[in-house]
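Geometric and topological summary
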Amino acid sequence: MSIYEYLKDRSPYELASSGHILPDSGELDPDTRKKWVPGAYEGILLRSDMRIKQHVIVDHRIARAVRRCVLDPSDDNYGKVERFPVKYSAISIADPICSLCVAYKLTQNAARREALRGIALRLALTSSKREAVKFGIALLGISGVPDDVYTIKPLGMHDEFTLYAAGTASRIFTGENARFKNAYLKELAEAAHGWGKIAVMYELDYTDPDIRLWTLKYGCENSIGLSYLANVCATKGRMSDAISDLLNTDRYAGEEKELFRGICDIFTGLLDPEENNDGLNEYGNSFEASRSFTELCERKPELAVSDARAEEIAGRLRRIYK
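Residues numbered from 1 in each chain as written. Predicted model: local features only at pLDDT ≥ 70, side-chain atom pairs only at ≥ 80, totals over all residues. Heavy atoms only, no water.

1. Observations regarding the overall build of the protein chain
- Along the backbone of the protein chain there are 21 helices and zero strands.
- By the compact-globule yardstick of 20 Å for 322 residues, the protein chain fits well, its C-alpha radius of gyration being 22 Å.
- Considered along the principal axes of its C-alpha atoms, the protein chain spans approximately 70 × 45 × 40 Å.
- By residue count, 53% of the 322 residues in the protein chain fall in the buried class.
- Residue pairs in contact within the protein chain that sit at least 24 positions apart in sequence constitute 70% of those at least 6 positions apart.
- Computed over 44 positive and 48 negative side-chain charges, the inter-centroid distance for the protein chain is 6 Å. (Helix = DSSP H or I, 4+ residues; strand = E, 2+ residues; numbered from the N terminus. Rg over C-alpha atoms; globule rule 2.2 N^0.38 Å. Buried < 20%, exposed > 50% of the residue type's maximum accessible area, 1.4 Å probe, protein only. Contact = heavy atoms within 4.5 Å. Lys, Arg positive; Asp, Glu negative; His and termini not counted. Charge placed at Lys NZ, Arg CZ, Asp CG, Glu CD.)

This is the structure:
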């Protein structure tokens, strides 16, 4: 069974309840299987200083295999392409191979681009190997059409593949299609709760005020750690302005408690960051936001008591910015 077939009719809630297990999980070595968290491999690597790229000669070898498959899409040539990401891992080859495919002019000619798209869809929709599926999703970013982004959505809703689906959506939803990007990414963010959600939050277009509000209310929630998203949500969501509005206007009438709870999530992450994550000192508007938050708790106690964390947060902020 392909991974796509396994996922396409399952709800995010069903996936989460099963631990996000995939059909090829039995092929992982026992230690990896015990420790596996969907999306963690890419999420942790991308935040480390480890070298994850392959040597240039390997990149060219893989890109030439993709080119051969574009020119002659035989099962044998396709099989060789499918084996490469399993051997080297998609995260280490996706970006350089996409760049080389463009350099090899596989996306300029309409016929070649369509052949590349066919390979990408075949990998994404029919492979039973997770790394090959990821590689296929990445290749769609340089060859696909908007409809393909919706086709792969069942994959993107699983934390193991959200990073790739979000990146491909950001590449395809440009120009006249840019208006579809945020709605699509928001759906992924609402379905993914771990590393996948963390990946999506870095792809959203925050010029949209509705996205900024949603980000403050729900964006920071995730199962990995609040500090992974606290600063991006505070900064991109313009938390300081929102707290000021809560203090001085009725702009968020009917939404105050949800917004306040989301702000408490963000401050919790900023005040107790995990190692290597941004804390309060890295948040550019920390002084203004902290001062406004403590004043908000004093002037609107009915709002402050709506979240059990608020009193402690306000107390810590007072000690820091007294």
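2. Notes on the side chain of Ser-290
- One can find Ser-290 in helix α19 (residues 286–299).
- Ser-290 gets classed as buried once you look at its relative accessible area, which sits at 1%.
- Within the local environment of Ser-290, its side chain forms a polar contact with the backbone oxygen of Ser-286, the two atoms lying 2.6 Å apart.
- Leave out the neighbours within four places in its chain, and Ser-290 touches Phe-267, Leu-280, Leu-317 and Tyr-321. (Polar contact = N/O pair within 3.5 Å; in protein donor to acceptor, adjacent residues only side chain to side chain.)

3. Details of the side chain of Asp-159
- Mapped onto the fold, Asp-159 is located in the loop between α11 (153–156) and α12 (162–172).
- Buried and unpaired, Asp-159 has no salt bridge, with Lys-197 as the nearest side chain of opposite charge at 9.6 Å.
- Separated by 2.8 Å, the side chain of Asp-159 and the backbone nitrogen of Gly-196 make a polar contact.
- Those residues in contact with Asp-159, other than ones at most four positions away along the chain, are His-20, Pro-38, Gly-39, Ala-192, His-193, Gly-194, Trp-195, Gly-196 and Lys-197. (Salt bridge = Lys/Arg side-chain N within 4 Å of Asp/Glu carboxyl O.)

4. Focus on the packing of aromatic side chains
- What the rule picks out here adds up to eight aromatic pairs.
- When the ring of Tyr-150 is compared with that of Tyr-184, the centres are 5.6 Å apart and the planes differ by 85 degrees; the resulting orientation is edge-to-face. With Tyr-150 in helix α10 (residues 146–151) and Tyr-184 in helix α13 (residues 181–191), this pair connects stretches of sequence that are 34 residues apart.
- A relative accessible area of 36% means that Tyr-150 is categorised as partly exposed.
- Tyr-184 sits in the buried class, given a relative accessible area of 1%.
- On the basis of an interplanar angle of 75 degrees and a centroid distance of 5.2 Å, the ring pair of Trp-195 and Tyr-228 is categorised as edge-to-face. Placement of the pair is Trp-195 in helix α14 (residues 195–201) and Tyr-228 in the loop between α15 (209–219) and α16 (230–236), with a sequence separation of 33 residues. As far as the burial class goes, Trp-195 and Tyr-228 line up, both buried.
- One aromatic cluster is present, formed by Tyr-150, Phe-173, Phe-180 and Tyr-184 through successive ring pairs.
- A cation sits over an aromatic face here: Arg-10 above Tyr-6, 4.0 Å from the ring centre.
- Sitting over the ring of Trp-36, Arg-130 keeps its end group 4.7 Å from the ring centre. (Phe/Tyr/Trp six-rings, centres within 6.5 Å; stacked < 30°, edge-to-face > 60°. Lys NZ or Arg CZ within 6 Å of the ring centre and 35° of its normal.)

5. Regarding unusual backbone geometry
- Unlike most non-glycine residues, Arg-238 shows phi in positive territory, near 60 degrees.
- Turning to its location among the elements, Arg-238 is positioned in the loop between α16 and α17 (239–248).
- By relative accessible area, Arg-238 is classed as partly exposed at 45%.
- One non-glycine residue, Asn-276, adopts positive backbone phi at about 75 degrees.

6. A closer look at the nonpolar core
- Within the largest apolar cluster, 102 residues are counted, with the highest numbers of intra-cluster contacts made by Phe-135, Leu-155, Met-239, Phe-267 and Phe-293.
- Those residues in contact with Phe-267, other than ones at most four positions away along the chain, are Met-239, Ile-243, Leu-280, Ala-289, Ser-290, Phe-293, Ile-313 and Leu-317. (Core = buried A, V, L, I, M, F, W, Y, C linked by side-chain atoms within 4.5 Å.)

7. Focus on the layout of surface pockets
- Approximately 310 Å³ is the volume found for the second largest pocket.
- Around the second largest pocket, the lining comprises 15 residues; the ones closest to its centre are Ala-94, Asp-95, Leu-163, Tyr-164 and Gly-167.
- Where the lining of the second largest pocket is concerned, the elements lending two or more residues are α7 (90–103) and α12.
- Its residues placed into classes, the lining of the second largest pocket shows nine nonpolar, two polar and four charged. (1 Å grid on protein atoms, 1.4 Å probe; cavity = no way out; pocket = protein on both sides within 12 Å on 5 of 7 lines; lining within 4 Å. Points joined across faces, edges and corners; volume = space filled by probe spheres on them. Nonpolar A, V, L, I, M, F, W, Y, C, P; charged D, E, K, R; others polar.)

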